[in-house]
Each structure stands twice: as C-alpha cells, then as structure tokens.
Amino acid sequence: MQLIDTHVHLNFDVFQPDLDTIAQRWREHHIVRLVHSCVEPSEFEAIQGLAQRFSELYFAIGVHPLDVDKWTSDTEAKILSLAQADPKVVAIGETGLDFFKADNDEQQKQVFWSHLLIAKQLQRPVIIHCRDAAMPMVQLLEQFWQEQGPVEGVMHCWSGTPEETQLFLDLGFYVSFSGIVTFKNASQVQAAARMVPGDRILIETDCPFLAPTPVRGERRNEPANVRYVAQHVADLRDVSLEKLAATTTQNACHLFQLSLPA
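Residues numbered from 1 in each chain as written. Predicted model: local features only at pLDDT ≥ 70, side-chain atom pairs only at ≥ 80, totals over all residues. Heavy atoms only, no water.

Thoughts on the overall build of the protein
Put simply, the rule reads: Secondary structure elements are taken from DSSP: a helix is a run of H or I of four residues or more, a strand is a run of E of two residues or more, and numbering for both begins at the N terminus. Atoms counted for the radius of gyration: C-alpha only. Globule rule: 2.2 Å times the number of residues to the power 0.38. With a 1.4 Å probe rolled over the protein chains alone, any residue whose accessible area is under 20% of its type maximum counts as buried; one over 50% counts as exposed, and the rest are partly exposed. Contacts: residue pairs with any heavy atoms within 4.5 Å of one another. Each accessible area value is a Shrake-Rupley result obtained with a 1.4 Å probe; residue values ignore everything except the protein chains displayed when judging cover. A residue counts as positive if it is Lys or Arg and as negative if it is Asp or Glu; His and the chain ends are not included. For the purpose of locating charges, the reference atoms are NZ of Lys, CZ of Arg, CG of Asp and CD of Glu.
Helices and strands together make up the secondary structure of the protein, namely nine helices and eight strands. Radius of gyration (C-alpha) of the protein: 17 Å, near the 18 Å computed for a compact globule of 262 residues. Across its three principal axes, the protein shows a C-alpha extent of roughly 45 × 40 × 35 Å. Per-residue burial over the protein gives 58% buried out of 262 residues. Counted over contacts in the protein with a minimum sequence separation of 6, partners at least 24 positions apart contribute 74%. A total accessible area of about 11100 Å² is found for the protein, and carbon and sulfur atoms account for 46% of it. Of the side-chain charges in the protein, 21 are positive and 34 negative, and the distance between the mean point of each set is 6 Å.

Side note on the pairing of strand β5 (residues 126–131)
Along any regular strand, the residues point their side chains to alternate faces of the sheet. Heads up, the rule is: Only when DSSP finds a minimum of two bridges between them are two strands counted as paired. With the strands pointing away from the viewer, any crossover whose connection runs clockwise from the first strand over the helix to the second is right-handed.
Where burial is concerned, most of β5 is hidden: five out of the six residues are buried. Of the strand pairs in this sheet, strand β4 (residues 89–98) and β5 are connected by six bridges, and their pairing is parallel. For Gly-96, the partnering residue across the bridge sits in β5 and is His-129. Handedness of the crossover joining β4 and β5 through helix α4 (residues 105–122) is recorded here as right-handed. Sheet topology note: the β5/strand β6 (residues 153–155) ladder contains three bridges and is parallel. In the sheet register, Ile-128 faces β6, and the bridge partner there is Met-155. As a crossover connection, the stretch from β5 through helix α5 (residues 134–148) into β6 is right-handed.

So, the sheet that holds strand β7 (residues 174–177)
Basically, it comes down to this: In this description, a line fitted to the C-alpha atoms serves as the axis of each element, helices being fitted only across the stretch in contact, and the angle between N-to-C directions of two axes falls anywhere from 0 to 180 degrees.
Pairing within the open sheet is parallel, and its eight strands lie in the order β1-β2-β3-β4-β5-β6-β7-β8. Edge positions in the sheet fall to β1 (3–8) and β8 (201–203), since each of these pairs with one other strand and no more. On average, each strand axis in the sheet is tilted by 30° relative to the strand beside it, whichever way the strands run. Bridge count between β7 and β8: three bridges; the pairing is parallel. Along β8, the bridge assignment pairs Val-175 with Ile-201. Running over the sheet, α4 touches β4 and β5 and is turned about 160° from β4.

Notes on α4
Where we set the bar: One less than the residue count of a helix, multiplied by 1.5 Å, gives the span that helix is expected to have.
Counted at 1.5 Å a residue, the expected span for α4 with its 18 residues is 26 Å, and the 26 Å between its end C-alpha atoms agrees. Structurally, α4 contributes buried residues whose contacts are with α3 (75–85), β4, β5 and α5. Backbone geometry just after α4 places Gln-123 at a positive phi near 60°.

Regarding the nonpolar core
For clarity, the cut-off: Here the nonpolar core consists of buried residues drawn from Ala, Val, Leu, Ile, Met, Phe, Trp, Tyr and Cys, with membership extended through side-chain atoms lying within 4.5 Å.
Ranked by internal contacts, the top residues of the largest apolar core, which has 78 residues, are Leu-10, Leu-141, Phe-168, Phe-173 and Phe-177. Core analysis: the next-biggest nonpolar cluster, separate from the first, contains 16 residues, Tyr-58, Val-90, Tyr-174 and Leu-258 among them.

Considering the environment of His-29
Threshold: What qualifies as a polar contact is a pair of N or O atoms within 3.5 Å, subject to a donor-acceptor requirement within protein and to the restriction that residues adjacent in sequence count only when both atoms come from side chains.
Structurally, the position occupied by His-29 is in the loop between α1 (19–28) and β2 (31–36). Through-space distance from the C-alpha of His-29 to that of Pro-223 is 9.1 Å; in sequence the pair is 194 residues apart. The contacts of His-29, once residues within four sequence positions are left out, are Leu-3, Ala-224 and Arg-227. Looking at His-29, its side chain comes within polar contact range of the side chain of Arg-227, at 3.4 Å.

Some thoughts on unusual backbone geometry
A cis amide bond, omega 15°, links Gly-93 with the succeeding residue Glu-94. Inspection of the secondary structure assignment puts Glu-94 in strand β4. Cis geometry is found at the peptide bond from Cys-207 to Pro-208, where omega equals 15°. Position of Pro-208 relative to the elements: it lies in the loop between β8 and α8 (226–237). At Gln-123, a position not held by glycine, the phi torsion is positive, near 60°. Structurally, Gln-123 is set in the loop between α4 and β5.

Some thoughts on the packing of α3 against α4
Put simply, the test is: The scheme is simple: roughly parallel for angles under 35 degrees, roughly antiparallel for over 145, roughly perpendicular for 65 to 115, oblique for anything else. When the near helix sits turned anticlockwise from the far one by under a right angle, the crossing is termed left-handed; a clockwise turn instead gives a right-handed crossing.
Running from N to C, α3 and α4 cross one another at 30°; their axes reach a closest spacing of 11 Å. For the element pair α3 / α4, the angle class is roughly parallel. As α3 runs across α4, the sense of the crossing is right-handed. Between α3 and α4, the residues in contact are Glu-76, Ile-79, Leu-80, Ala-83 and Gln-84 and His-115, Ile-118, Gln-121 and Leu-122, respectively.

Structural data, given as structure tokens:
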C-alpha cells in the first residue's frame, strides 16, 4: 500500500526539533510522496530546502489568501522563476479566498487571479483554499475559464456542502479531504466524501493542523496521520483501505505529475 499526503506544512517551527523522526514515521506508514504547500514568499527558500532534504517531498509556491498583504510587485516573477527552475515545484499555491477571517475581498480576488494566470502559463495545477467563499470562488473561476481557459487544481482541506462540491467538480477540480472528515459533527463533509467520483478524490493532513480522529487533540498533526483520513474515507465509501489508497495515490500522481518509487 502506498499513500500520498497532498498538503503539508513541515516548515513550521513545531516540526523543527524532530523532523527526521517525523519522516521516519511517515515512511513506516507507507506515505511515499508528500506535497508541501506555501503561504507566503518568505517561505520559498526554506520549503525548497526541505524538498532537497527529503526525496519524497515535492512542493507548491504561492500566497495564502490571508497573507495577500505580502504579495509585492516582484512576487509573480519570483514564483515563475522558481517554478521554472526547480522540477520539484508541482503546483501553484496555496491560494484562494478566505472571507471567514478577512474582509479584503477584492485584494484576495486580484491575487488569486494572478495565481491562476501563473498556473495557466506554466501548466501547473493550483492548490485552492476556500473558506466562506464558495459562490464568489465559482463565479471567479467561471470568469477565468471564459476569458483565459481552464486550469487544473484541487479544493484542499474541503469542508463545503455536497452542493458546493458539485460546483467545483463541474469545473474539473479534484477535492481533497483532511482530518475534518473524521470529526463527528462533519456530516456535510462526510456526505461530500461519499459523492466525489473515484478519479477526483484526494487525501491530506494539512499538518500541523486538524489532527484526525483518533489522534484529535494532539498538539500537532503530522503526515503519518494521513492513514486515519484514508481509513475514514474508505469506510464512508464502503471500500477497503487498500483500494482507497490506490485510488487517491493514482489521482495525486496524475494531478501533480508525480512518479512513484519502485
């Protein structure tokens, strides 16, 4: 069995004291590839360094919607330069809209549009963060599709309703489920996890956040825990863990153009 954690933040300080031990645990639990996301430009160098340190780690570069104040006149050039120079850059992001914690809606939309243009130019997928912004996100993506053409991507750490899920599936997106899907009160997320087609579903930890049941409450989440997400999604879809692992791993390889170890 092989698993891929499609969204991690291993550069955070909470991981630095024992990162090699954490890596040993993810390898013991069959996580063969990881995609490291990015929230702002000052992280680019550190994340690239982690990708060089761990052969199974690939990464995305971009600016989180809650960090759009860090988007400067040269950010686009930095993203383009690094993505073109380093083959381990497999996506653009995370980017998107977050109207839950911020009210700078127009600034977020402008920066997100810039990410979409970069992804289109480079033919890379986008990793999308969307919180309390499903309909504005759909409208913006539909506008981009009409004016520029589609891009591939994933709705990461998805917590929307089945109806919202279908809107993004209709736009061609993958949908990735985190530890949220294991929470008792996450009925709408669980319903979404049942309905996503087999060729569009992904799993992630979003570590160090959102530790899944049965390790919920621990001070940090880590990649090895993606197995709990996989098991819960498998149970929801009434398939074996091995089948769910094979499906999500194949999907991640397709979206991010990853190859698996022999």
